[in-house]
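Next come the chains, spelled out residue by residue.
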There are 2 protein chains.
Amino acid sequence: MHRLRKPYLLFLGDVQDKLTAKTAFGLKDWCPNDVVGEWSLPGCGVSLGVARMSPQEAAARGAGSIIVGIAPTGGALPPHWIAELTAAAEAGLDVVSGLHTRLTSFPELVQAASRRNVRLIDVRHGERTYGAASGRKRGGKRVLTVGTDCALGKKYTALALAKNLNSRGVAASFRATGQTGIMISGEGIAIDAVIADFIAGAAEQLSPDNAADHWDVIEGQGSLFHPAYAGVTLGLLHGSQPDAIILCHDPSRRTIDEYPNFPIPDLQVAIDDYLRAGRLTNPAIRCVGLSINSSSLSHAEYAEYFRRVTDKLGMPVCDPVRNGVDVLATALLATAR
Amino acid sequence: MHRLRKPYLLFLGDVQDKLTAKTAFGLKDWCPNDVVGEWSLPGCGVSLGVARMSPQEAAARGAGSIIVGIAPTGGALPPHWIAELTAAAEAGLDVVSGLHTRLTSFPELVQAASRRNVRLIDVRHGERTYGAASGRKRGGKRVLTVGTDCALGKKYTALALAKNLNSRGVAASFRATGQTGIMISGEGIAIDAVIADFIAGAAEQLSPDNAADHWDVIEGQGSLFHPAYAGVTLGLLHGSQPDAIILCHDPSRRTIDEYPNFPIPDLQVAIDDYLRAGRLTNPAIRCVGLSINSSSLSHAEYAEYFRRVTDKLGMPVCDPVRNGVDVLATALLATAR
């Protein structure tokens, strides 16, 4: 389990566009109280609009980590950023990256971290071996976001749902399974980086025993309908033992992203398949609603789509960005009674 | 992909019983022409009945590797075996182990291997990162053994089927996904040791493009009904894109081994679930028969069980140990026409 030291200084390197810096923007949006400021190299074309400060200033204000909040094409860490990250380590900050390139592959950074006794944390990479799943039922309630495909709102929906539940006074924890989620929550397991035999075991560890009325809101990964990643999705589903799932979907997709020969399934088929698979470890699993990423639709198109899907499936439907997840939270709490 | 150097010298350490040495016995049974001899420590209570020779003698007769053919409880390599394995490395043999303890954790062994330029191969451990699955259809035919549980004959069935097909003059390759299978075939991928994101990708690489009439007979792993390992099973199924599956089952099991709260599914349900999952990457997938591990049944009990299952499922049924896999091979070749 990765556990990060908050608050954060967000590092933007010298990127030129917001999309490449989306991790940093996500952190600013989802955990603004954990962000002390931003830092960048000369020539950087992006700002988060928060206080600009050097690693030394951030450390003086109590920052625990500098976060590389950047996802460049290819996932490589530009070598000319290393001097600044080394300075951050020397200032006493943990250095946290979600890129493919391992921080530990830069000797000067390793030496600085060792000298100052700070950590270099690659959240994309697994940090240890987990055990095999036990299948044992744990205390507390769990909801998992699942999807018809990758990258259509499973993390966003889980974050919004956990926040909504907390705002109602319900004890709820977001459980991160991917790098950005881990940075936001400060802890979690990059489930797709775990050794295959231990996917479900890692998922069990991610949402441990809890109070009977506590909800773990678990960030889903992949899709049961994805030819490359369904194994991860199934292991996460089995280890999470969710009492409830929320199906995330993007109506503009006809086929799995980057896999044009693999159609997106019918929504009712997708729900049935997730429930059938999930019953193995929780026979009481149910689907409480749909989370629609309708960014491709006009207001009128979404209204029509919303009516059609609600009629067809007979369960709560929302777009978290358009109108929040209130209906999902209400449905979730209703099923728990 | 692990690729081992044959032929083998089989090392038995100082074990006292055949069960602990079952890997070595499996190698002697399945690839006798690849075994030059056996070697053991003083006090060893087991013999394979093949020529006894030291690593030096084995190397002189052309051996490529010494195989630790032992599976002690806990999977640890006894430290007092290391001197003999070091001597084998010094004699010019690759050292191959399927145990949890990594060979590379013994400095004297690492030094000897480096000095003689031989390899230390831990077949239980993944040796590299594979890519994500492409989902692309490959040339050639594939059959995958699947199971209602772990450890009930998937490897044995696949080995017997590949041998049967070869004996008919059909081009067929056994594709190993576990440590013993890899030692027998001399190559393969320990699929449960792969990083979660790449299970299906590794399975694609294991059975690459081939001639249209060539069969890959792929060793299955785990079970879709196993609370810990179903993710591995699903990824292997998706990446293998099998044209045919054979369901392996042990009628004496009522629950998943070591998971008493998880029932073994009904056979028709198991077949339907495997086919439903497999259709994602091969819509033409079909089940060609059942392989029954009936070691717990008397002859009369098996005859009755055989009649009942054949009547109920309407497909070929066999116990490979009792009466071979001829009916499965025949059914497989019939479906391919």
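This one's a predicted model, so the numbers in the text were calculated from it and none came from an experiment. (Residues numbered from 1 in each chain as written. Chains lettered and ligands numbered in written order. Predicted model: local features only at pLDDT ≥ 70, side-chain atom pairs only at ≥ 80, totals over all residues.)

**Let's talk about the overall build of chain A**
In terms of helices and strands, chain A carries twelve helices and 15 strands. Taken over C-alpha atoms, the radius of gyration comes to 20 Å for chain A, in line with the 20 Å a tight globule of 337 residues would show. Each of the 337 residues in chain A was classed as buried or not, and the buried ones make up 53%. Counting only contacts in chain A whose residues sit at least 6 apart along the sequence, the fraction spanning at least 24 positions is 75%. (Helix = DSSP H or I, 4+ residues; strand = E, 2+ residues; numbered from the N terminus. Rg over C-alpha atoms; globule rule 2.2 N^0.38 Å. Buried ≥ 20, exposed ≤ 12 C-beta atoms within 10 Å, placed from the backbone. Contact = placed C-beta atoms within 7 Å.)

**Examining the packing of helix α5 (residues 154-167) of chain B against helix α12 (residues 326-336) of chain B**
All names here are of chain B. At a minimum axis distance of 9 Å, the contact between α5 and α12 shows a crossing angle of 65 degrees. As far as their axial angle goes, α12 and α5 are roughly perpendicular. Once α5 is placed against α12, the crossing between them reads as right-handed. Facing L161, N164 and L165 of α5, the residues of α12 in contact are D326, L328 and A329. Along the lines of polarity and charge, the residues of the contact of α5 with α12 split into four nonpolar, one polar and one charged. (Axes fitted to C-alpha atoms, helices over the stretch in contact; angles between N-to-C directions. Parallel < 35°, antiparallel > 145°, perpendicular 65-115°, else oblique. Left-handed = near helix turned anticlockwise from the far one by under 90°. Nonpolar A, V, L, I, M, F, W, Y, C, P; charged D, E, K, R; others polar.)

**Some words on the interface of chain B and chain A**
Tallying the contact residues gives 28 residues for chain B and 28 residues for chain A. Within the residue set of the side of chain B that touches chain A, elements represented by two or more residues are α7 (199-206), α8 (230-240) and β13 (259-263) of chain B. The element contributing the most residues to the side of chain B that touches chain A is α8(B), with six residues. A breakdown of the residues in the side of chain B that touches chain A according to their chemical character gives 19 nonpolar, seven polar and two charged.

**Examining the sheet that holds strand β11 (residues 244-249) of chain B**
Residue and element names in this part refer to chain B. Taken together, six strands build an open sheet; the order of strands is β8-β10-β7-β11-β14-β15 and the sheet is parallel. Because the sheet does not close on itself, it has two edges, and the strands there are β8 (172-175) and β15 (317-318). As defined by bridge partners, strand β7 (residues 141-147) adjoins strand β10 (residues 215-218) across four bridges and the pair is classed as parallel. Across the sheet, V143 pairs through a bridge with V217, a residue of β10. (Pairing = 2+ DSSP bridges.)

**Let's talk about the domain arrangement of chain A**
One widely used convention gives an interface's size as the accessible area the parts lose upon coming together. Residues and elements named next belong to chain A. In terms of domains, chain A is made up of domain 1 (2-122) and domain 2 (141-336). The centre of domain 1, based on its C-alpha atoms, is set 29 Å off from the matching centre of domain 2. Secondary-structure elements contributing two or more residues to the side of domain 1 that touches domain 2 are β1 (2-3) and α1 (22-30). Here the side of domain 1 that touches domain 2 gets four residues from one element, more than from any other, and that element is α1. Taken together, the residues of the side of domain 1 that touches domain 2 break down into six nonpolar, four polar and two charged. (Domains from an automatic or database assignment.)

**Comments concerning the sheet that holds strand β6 (residues 120-122) of chain B**
Residue and element names in this part refer to chain B. Taken in spatial order, the five strands make up an open sheet running β3-β2-β4-β5-β6, and their pairing is parallel. Looking at the sheet topology across the chains shown, the edges are occupied by β3 (35-39) and β6. Adjacent strand axes in the sheet meet at a mean angle of 20 degrees, parallel and antiparallel pairs treated alike. Relative to β3, strand β2 (residues 8-11) runs parallel, the two sharing four bridges.

**Thoughts on the relation of the copies chain B and chain A**
If you rotate chain B by 180 degrees and push it 0.1 Å along the axis, it lands on chain A with an RMSD of 0.1 Å. The transformation relating the two chain copies, once decomposed into turn and shift, fits a two-fold axis. Most of the interface of chain B is mirrored in chain A: 100% of its interface residues are interface residues there too. (Least-squares fit on C-alpha atoms with pLDDT ≥ 70 in both.)

**Section: the packing of helix α3 (residues 82-90) of chain B against helix α4 (residues 107-116) of chain B**
Residue and element names in this part refer to chain B. Interaxial distance between α3 and α4 falls to 8 Å at its minimum, and their mutual angle equals 10 degrees. The angle between the axes of α3 and α4 places the two elements in the roughly parallel class. Between α3 and α4, the contacting residues are I82, L85, T86, A89 and E90 on the first element and E108, L109, A112, A113 and R116 on the second.

**Observations concerning helix α10 (residues 299-313) of chain B**
All names here are of chain B. The end-to-end C-alpha distance of α10 is 21 Å, a good match for the 21 Å that 15 residues give at a rise of 1.5 Å each. Counting buried residues along α10, only zero of its 15 residues qualify, which leaves the element largely exposed. Following α10 by one or two positions, G314 has its phi on the positive side, about 65 degrees. (Expected span 1.5 Å × (residues − 1).)

**A short note on the environment of A:A133**
Along the chain, A:A133 turns up in the loop between β6 (120-122) and β7 (141-147). The spacing of A:A133 and A:G235 is 102 residues in sequence and 9.3 Å in space, taken between C-alpha atoms. Ignoring any residue separated from it by four or fewer positions in sequence, one finds A:A133 in contact with A:A200, A:G201, A:E204, A:H238, A:G239, B:P227 and B:A228.

**Focus on the confidence of the model for chain A**
Taken as a whole, chain A shows an average pLDDT of 95; of its residues, 99% reach a score of 70 or greater. Quick note on the complex model: pTM equals 0.94, ipTM equals 0.93. (pLDDT = per-residue confidence, 0-100.)

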